[in-house]
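Report on the structure
Each chain, written out:
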Amino acid sequence: MWNSSEPHFSVACIALALAATVLPQNRPLRAQQPVSVPIVLHADRLLQVETGKLLQPGEVLIQGDRIRAVDTHVDRPQGANIIDLGDRTLMPGLIDAHVHLFLHPGAEDLQTVEEAVPWRVILAEQAAKADLLAGFTAERDMGTEGAGSADTAIRDAINQGFIPGPRMRISGNAIDILGGHEDANRYNPAQHVLSNADYADSAEQIVEVMREQHKEGSDFAKIYETGPDRMVDGVLHTPYQYTATQLTAAVEEARRLGTTVAVHAMGEPGTLYAAQAGVASIDHATQLSDETMRLMREKGIFAVPTFTIFDYFAHHRESQDQAAAEAEMLDYKIREFKKQIAGGVQFAVGSDVGPFPHGTQAHELTLMVQYGMTPVAALQADMIHGAKLLGWEGQIGELKPGYYADIVAVPGNPLDDISVVEHVSFVMKSGVVVRR
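Residues numbered from 1 in each chain as written. Predicted model: local features only at pLDDT ≥ 70, side-chain atom pairs only at ≥ 80, totals over all residues. Heavy atoms only, no water.

On to the pairing of strand β22 (residues 432-435). Walk down a regular strand and you will see the side chains alternate between the two sheet faces. Pairing geometry for strand β21 (residues 426-429) and β22, over 3 bridges, is antiparallel. Bridge pairing in β22 links Val 427 to Arg 435. Where β21 folds back on β22, the antiparallel hairpin that results is connected by 2 residues, among which Ser 430 adopts a positive phi of roughly 55°. (Pairing = 2+ DSSP bridges. Helix = DSSP H or I, 4+ residues; strand = E, 2+ residues; numbered from the N terminus.)

Below, the structure is given as structure tokens:
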């Protein structure tokens, strides 16, 4: 297990060092705006995600923050900046639909108690930089774990150019019942340790909390639907926290606000209740019944498996018994994932990064392919489904004219070896090169 004091330096310093290689030190971050000079990107290959086809070679013409043309050869306006990336594949920026900018490796419950919110904001800023430099140009932050609406400041600072980071959809605190998944249940009740989530014990309270969070800047609501989760004699036990009726009230309120609901739900019956309510995504989704999968197909609900966090915990627990329990859960999850693929479930890609180091979460795509998906299906889940889930469909996730110029380059061919996405060598966001 990592020492809880180490990530303060590892995440922040690594990200700062990387940022220093691409952001001129004598220029303020607000100056990082798209310039009027056209840019032409050239590489040996360009992935057309929707079809899974490669253009060879591939070129992209960028003007300002938008893509203007994509082809094997594009027009090169006079004075254009030509960037030749050689033996690489151009792709849309990666999307992580389940991150925690306000967490780092170490004892998750202790860091939310011991670390002041201002310090956690600083770490979150560094985490956002690390994720962007790893090629993630859009993310959904699934709860600040006790830092309230502090993620609003991170999102807004990125949008205004004060700090580099991905496009963000943020939820503020998650929503949880009294004594629920994130309610400091292992501590002495007399100490009154605060929950890492906002309490709501009824449909009316859920709506009230959602309205408060929306006022504070949230883009969507994250609700804990199951927990605590454990394996008993090879069977997953995952108590539910809210009924289908209560979750339906949340979905209806989100619709009124113009937002969505995502749920942390490991298994039945909580996953069924979430599908009945019509949430946008079921995150972790370790166990889905046939009826749950049917409803998810019918309603267009995405499963977000988050394999990387399970894989990480299977190798980074304090005791062999804990690691063995995590490994058993991962094995069960893999078996169920294969059933979900066969059952026609639509997936988006989310890693649950935070408890493991930021900037390393592209391993999620590697694991999804290792456990049964084709490389092209995993990339479509990440980029096309991710853009839809985050509410940016038709704007990001593909290299097409009119889309934002969120572009990465990877060595080799990701259709032959998906793990190349873990080695992004070029990053552009909104027409600005942030890593080269």
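Reading across the sheet, the 4 strands line up as β5-β4-β1-β6 and stay open at both edges, with mixed pairing between neighbours. Bordering the open sheet on either side are β5 (66-71) and β6 (81-84), each of which pairs with just one other strand. Neighbour-to-neighbour, the strand axes of the sheet open up by a mean angle of 20°, direction not taken into account. Looking at chain direction, strand β4 (residues 58-63) and β5 are connected through 5 bridges and run antiparallel. Bridging across to β5, Glu 59 finds its partner in Asp 71. (Axes fitted to C-alpha atoms, helices over the stretch in contact; angles between N-to-C directions.)

Okay, the confidence of the model for the protein next. Here the protein averages 91 in pLDDT, and 92% of its residues register 70 or above. Note that pLDDT drops below 50 for residues 1-32; the model gives that stretch 54 contacts with residues more than four away or on any other chain. (pLDDT = per-residue confidence, 0-100. Contact = heavy atoms within 4.5 Å.)

A few words on the nonpolar core. The nonpolar side chains of a soluble globular protein tend to be buried, and buried together. Residues Met 91, Leu 101, Ile 223, Val 261, Val 263 and Ile 282 are the most contacted members of the largest nonpolar core, which totals 88 residues. The residues contacting Met 91, other than those within four sequence positions of it, are Leu 47, Leu 379, Met 383, Leu 399, Asp 406, Ile 407, Val 408, Val 410, Pro 414 and Val 421. Among the nonpolar cores identified, the runner-up in size contains 18 residues, and Ile 62, Ile 67, Tyr 403 and Ala 409 belong to it. (Core = buried A, V, L, I, M, F, W, Y, C linked by side-chain atoms within 4.5 Å. Buried < 20%, exposed > 50% of the residue type's maximum accessible area, 1.4 Å probe, protein only.)

Within the structure shown, the criterion is met by 6 aromatic pairs. Consider the rings of Tyr 312 and Phe 356, whose centres lie 5.9 Å apart with planes at 40°: the pair is tilted. Within this pair, whereas Tyr 312 is found in helix α9 (residues 307-315), its partner Phe 356 is found in the loop between β19 (346-347) and α11 (363-370), the two being separated by 44 residues in sequence. Residue classification places Tyr 312 among the buried residues on the basis of a relative accessible area of 10%. Centre to centre, the rings of Phe 337 and Phe 347 are 5.0 Å apart; their planes meet at 65°, and the pair counts as edge-to-face. Placement of Phe 337 in helix α10 (residues 320-342) and of Phe 347 in strand β19 is noted, with a sequence separation of 10 residues between them. Side by side, Phe 337 and Phe 347 carry an identical accessibility label, which is buried. Aromatic rings pair up to connect Phe 307, Phe 337, Phe 347 and Tyr 371 into one cluster. Looking at Arg 66, its charged tip hangs above the ring of Tyr 404, at a distance of 3.8 Å from the centre. Positioned above the aromatic ring of Phe 220 is the side chain of Arg 140, whose terminal nitrogen or guanidinium carbon lies 5.4 Å from the ring centre. (Phe/Tyr/Trp six-rings, centres within 6.5 Å; stacked < 30°, edge-to-face > 60°. Lys NZ or Arg CZ within 6 Å of the ring centre and 35° of its normal.)

Backbone hydrogen bonds hold the strands of a sheet together, and the pairing may be parallel or antiparallel. Read across the sheet, 6 strands follow the order β3-β2-β7-β20-β21-β22 without closing on themselves; strand pairing throughout is mixed. Looking at strand neighbours, the two that pair on one side only are β3 (53-55) and β22, the edges of this open sheet. Adjacent strand axes in the sheet meet at a mean angle of 30° when their direction is disregarded. Bridging between strand β20 (residues 407-411) and β21 involves 3 bridges; their strand directions are antiparallel. Bridge pairing links Ile 407 to Met 428 in β21.

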